[in-house]
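# Fold and geometry: a report
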Protein chains: 2
Amino acid sequence: MRNIAFIISYDGTDFHGFQRQREDFTVQQAIEDALFKITGEEINVHGCGRTDAGVHALNYLLSFKTNSTIPAERFPMAVNSVISDGVYVKKAWEADDEFHGRFSVTRKTYVYRINNGEFNPFLRNYTWHYKYPLDAEKMQQAAKALVGTHDFNCFMASGGQVESTVRTMFNADVTRNGDIVEVSLTADGFLYNMVRIITGTLVYVGGGKADVGDIKKIIDSKDRTKAGITAPPQGLFMKSVEFDDGKGSGN
Amino acid sequence: MRNIAFIISYDGTDFHGFQRQREDFTVQQAIEDALFKITGEEINVHGCGRTDAGVHALNYLLSFKTNSTIPAERFPMAVNSVISDGVYVKKAWEADDEFHGRFSVTRKTYVYRINNGEFNPFLRNYTWHYKYPLDAEKMQQAAKALVGTHDFNCFMASGGQVESTVRTMFNADVTRNGDIVEVSLTADGFLYNMVRIITGTLVYVGGGKADVGDIKKIIDSKDRTKAGITAPPQGLFMKSVEFDDGKGSGN
């Protein structure tokens with residue numbers, strides 16, 4: 001069988017997350033329904049990660065096996081013409097047999113957007129509205145403690161099932177652009193709700209409820225109850241993925 | 001009775017337009033339901049214009065009479081705490097008795113946004129995706145013929161009921177910022193679907209289906225069938241209103 005890879009973007013507002021569910025409409029189901037319409041095959045796609053309801057993706061990787069003879073470069077237009085307009089296939093290519101939307105990923109970058117100004121109905125589904133003042137420079141200093149290889153157990157929501165809670169964080173930055181404060185994290189993998197809990201913790205620092213030095217203590221505690229709240233889903237975007245496609249890595 | 005004025009913004013995606021309807025949920029109903037909750041009064045608000053389903057507002061003026069003793073400056077927080085988060089009251093003030101959300105308006109500015117690049121799910125409810133190349137400079141030249149006092153009958157959709165189709169256009173500009181082409185129009189009033197039909201006509205010019213000089217001929221024809229298509233609602237934003245509040249004008 002052929003092995004096809006997609007990069008897609010989606011507005012998570014109207015979906016119950018990526019992963020297929022019995023009752024609710026998800027991005028995976030939208031993609032698989034569209035692939036059924038154009039290939040006649042019941043295809044199971046492998047996404048690069050679960051995302052919760054309301055979470056968005058700017059560049060999300062998935063792969064699937066098919067017997068269809070549709071040229072890879074024709075897939076985007078074919079899928080886009082039949083799928084919900086909240087999902088968009090940006091790119092498709094023929095991948096090596098071993099390539100897998102989840103297991104071939106080497107790094108992921110998530111961004112979390114906070115509206116730190118007046119409420120704005122146009123941003124309500126794409127930011128967390130946090131109206132108290134945030135010191136983004138302090139948040140940036142605090143974020144530096146995340147970089148490196150750590151046991152991030154303190155930033156995992158219950159319900160996450162993993163063999164190890166050790167991950168390597170390559171980049172952690174907080175920037176402000178007007179009212180928008182953006183947390184950007186790149187790691188070899190993320191635990192369940194990790195970006196949202198880190199954001200909730202950095203907001204404690206930015207709002208003066210915690211100190212820059214507290215992040216290291218929280219990590220060392222390995223205790224979820226020491227970390228901050230879980231920021232709401234609608235501010236979270238999967239921004240990009242890097243992967244090894246057997247021909248060198250790409251993104 | 002007191003006379004209160006509001007400036008509100010709303011994301012029109014989830015509303016069937018501004019004006020109250022028997023069956024469908026509208027912005028007017030959202031506002032009136034919220035005012036009932038906080039004042040106990042069945043209030044009828046006077047909006048500065050109808051907007052169709054899917055059309056947005058950045059600064060929309062309305063006024064209403066009330067016996068409530070709530071200070072004007074407290075209304076935004078009170079309404080915002082009970083209303084759908086697609087609507088936001090930005091400002092409220094005590095207006096003169098004669099002030100009226102519709103009749104006191106002297107000028108309105110609408111903008112229409114076109115995504116002239118690749119489809120983007122995050123822009124789908126806030127732009128018209130027009131994928132063929134548009135020459136925004138030609139559109140800008142063509143728009144200049146709109147400025148002045150004209151019979152704009154050619155740009156009115158059937159269903160508009162007005163005594164006169166003469167309006168004065170103060171400004172008409174087309175600008176490009178990356179993939180986004182924006183049409184901005186300021187007039188003393190607009191006919192039904194006027195901005196959307198003007199946009200559809202300017203797109204003919206930008207795409208080479210009509211010449212810059214055709215706009216004057218279309219206006220002179222007073223014939224709707226000579227003008228372009230009606231651009232879809234989701235690219236349209238009421239941007240601002242100017243009004244005479246008896247104390248000089250404001251916006």
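The residue numbering used here restarts from 1 in each chain and proceeds along that chain's sequence as written. Chain labels run from A onward and ligand labels from 1 onward, assigned in the order the entries are written. This being a predicted model, a pLDDT of at least 70 is required before a residue's local features are given, and a value of 80 or more before pairs of side-chain atoms are given or counted; all residues contribute to the totals for chains, interfaces and linings. In computing side-chain values, all of the structure's heavy atoms are included and hydrogens and water are not.

## Quick notes on the overall build of chain A
We count it as follows: Where helices and strands are cited, they refer to DSSP runs of H or I of at least four residues and of E of at least two residues respectively, numbered from the N terminus. C-alpha atoms define the radius of gyration in this analysis, and the globule rule sets the expected value at 2.2 Å times the number of residues to the power 0.38. Working definition: with a 1.4 Å probe on protein chains only, accessible area under 20% of the residue-type maximum means buried, over 50% means exposed, and in between means partly exposed. Any pair of residues with heavy atoms lying within 4.5 Å of one another is described as a contacting pair. Using the Shrake-Rupley algorithm and a 1.4 Å probe, accessible areas are obtained, with residue cover drawn only from the displayed protein chains.
Helix and strand content of chain A: 5 helices and 11 strands. Taken over C-alpha atoms, the radius of gyration comes to 19 Å for chain A, in line with the 18 Å a tight globule of 251 residues would show. In terms of principal-axis extent, the alpha carbons of chain A reach across some 60 × 40 × 30 Å. Taken over 251 residues, chain A has a buried fraction of 52%. Within chain A, residue pairs in contact and separated by at least 24 positions form 71% of the contacts whose partners lie at least 6 positions apart. Of the accessible surface of chain A, which amounts to about 11,500 Å², a share of 46% is contributed by carbon and sulfur atoms.

## Concerning the packing of aromatic side chains
Rules: Stacked, edge-to-face and tilted labels apply to pairs of Phe, Tyr and Trp rings (six-membered ring for Trp) whose centres lie within 6.5 Å, assigned for plane angles under 30 degrees, over 60, and everything in between, in that order. Any Lys NZ or Arg CZ that is within 6 Å of a ring centre and within 35 degrees of that ring's normal is treated as a charge sitting over the ring.
The tally for this structure, following the rule as stated, stands at 36 aromatic pairs over all chains. Look at F237 of chain A and F122 of chain B: their rings are 5.7 Å apart centre to centre, the planes differ by 45°, and that puts the pair in the tilted class. One end of the pair, F237 of chain A, is in strand 10 (residues 236-244); the other, F122 of chain B, is in the loop between strand 5 (105-115) and strand 6 (128-129), on a second chain. For the pair F237 of chain A and F122 of chain B, one class covers both residues: buried. Through a chain of ring-to-ring contacts, the aromatic side chains of Y112, W128, Y130 and Y132 of chain A assemble into a single cluster. Taking the ring centre of F170 of chain A as reference, the NZ or CZ of R107 of chain A above it sits at 3.6 Å.

## Things to note about the domain arrangement of chain A
Frequently, the measure chosen for interface size is the accessible area removed from exposure when the parts meet. All names here are of chain A. Cut-off, in case you're wondering: Boundaries of every domain are those given by an automatic assignment or by a domain database. Buried area: the accessible area, evaluated with a 1.4 Å probe, that two parts lose upon being put together, summed over both parts. Each reported salt bridge corresponds to a side-chain nitrogen of Lys or Arg within 4 Å of a carboxyl oxygen of Asp or Glu.
Domain assignment breaks chain A into domain 1 (2-103) and domain 2 (107-240). The centre of domain 1, based on its C-alpha atoms, is set 27 Å off from the matching centre of domain 2. Counting from both sides, the interface comprises 14 residues of domain 1 and, opposite them, 15 residues of domain 2. On the domain 1 side of the interface with domain 2, the three residues burying the most area are D52, H56 and L58, jointly 44% of the side's total. Inspection of the domain 1/domain 2 interface yields 1 salt bridge.

## Some points on the relation of the copies chain A and chain B
Here is the rule we go by: Our superposition of the copies is a least-squares fit, built on the C-alpha atoms of residues whose pLDDT is at least 70 in both.
Least-squares fitting of chain A to chain B yields an RMSD of 0.0 Å, with the superposition described by an axial translation of 0.0 Å and a rotation of 180°. Expressed as an axis order, the relation between the two copies is that of a two-fold axis. In terms of proximity to the rotation axis, the leading residue of chain A is F122 of chain A, whose C-alpha is 5.5 Å off the axis.

## Brief notes about the interface of chain A and chain B
As a reminder, the rule being used: N or O atoms within 3.5 Å of each other form a polar contact, as long as, within protein, one can give a hydrogen and the other can take it, and as long as residues adjacent in sequence are counted only when both atoms are side-chain atoms. Classification convention: Asp, Glu, Lys, Arg as charged; Ala, Val, Leu, Ile, Met, Phe, Trp, Tyr, Cys, Pro as nonpolar; all other residues, Gly among them, as polar.
Counting residues at the interface gives 19 residues for chain A, matched by 19 residues for chain B. Summing both sides of the interface, chain A and chain B together bury roughly 1,600 Å²; the carbon and sulfur share of this comes to 59%. The largest share of the area that chain A buries against chain B comes from Y88, F122 and R124 of chain A, three residues that together contribute 40% of it. Of the charged contacts in the structure, one is a salt bridge between R124 of chain B and D85 of chain A, with a shortest N-O distance of 3.1 Å. At the boundary of chain A with chain B, the tally comes to 8 residue pairs in polar contact (both at pLDDT 80 or more). Taken together, the elements giving at least two residues each to the side of chain A that touches chain B come down to strand 1 (2-10), strand 3 (56-66) and strand 4 (87-94) of chain A. For the side of chain A that touches chain B, a count of residues per class yields 10 nonpolar, 3 polar and 6 charged.

## Remarks on unusual backbone geometry
Residue and element names in this part refer to chain A. Positive phi outside glycine occurs at N193, with the angle close to 65°. Residue placement: N193 occurs in the loop between strand 9 (180-187) and helix 4 (194-206). Backbone geometry places K222, a non-glycine residue, at a positive phi of 55°. On the secondary structure map, K222 appears in the loop between helix 5 (214-221) and strand 10.

## Observations regarding the pattern of salt bridges
Taken as a whole and assessed by the stated rule, the structure comprises 20 salt bridges over all chains. For E32 of chain B, the salt bridge identified is with R20 of chain B, shortest N-O distance 2.8 Å. Placement of the pair is E32 of chain B in helix 1 (residues 27-39) and R20 of chain B in the loop between strand 1 (2-10) and helix 1, with a sequence separation of 12 residues. Using a relative accessible area of 6% as the deciding quantity, one classes E32 of chain B as buried. Through salt bridges that share partners, D11, D14 and D85 of chain A together with R124 of chain B make up one connected network.

## Some points on the side chain of D11 of chain A
On the secondary structure map, D11 of chain A appears in the loop between strand 1 and helix 1 (27-39). A polar atom in the side chain of D11 of chain A sits 3.0 Å from the side chain of R124 of chain B. With residues near it in sequence (within four places) discarded, D11 of chain A still touches H56, G86 and Y126 of chain A together with P121, F122 and R124 of chain B.

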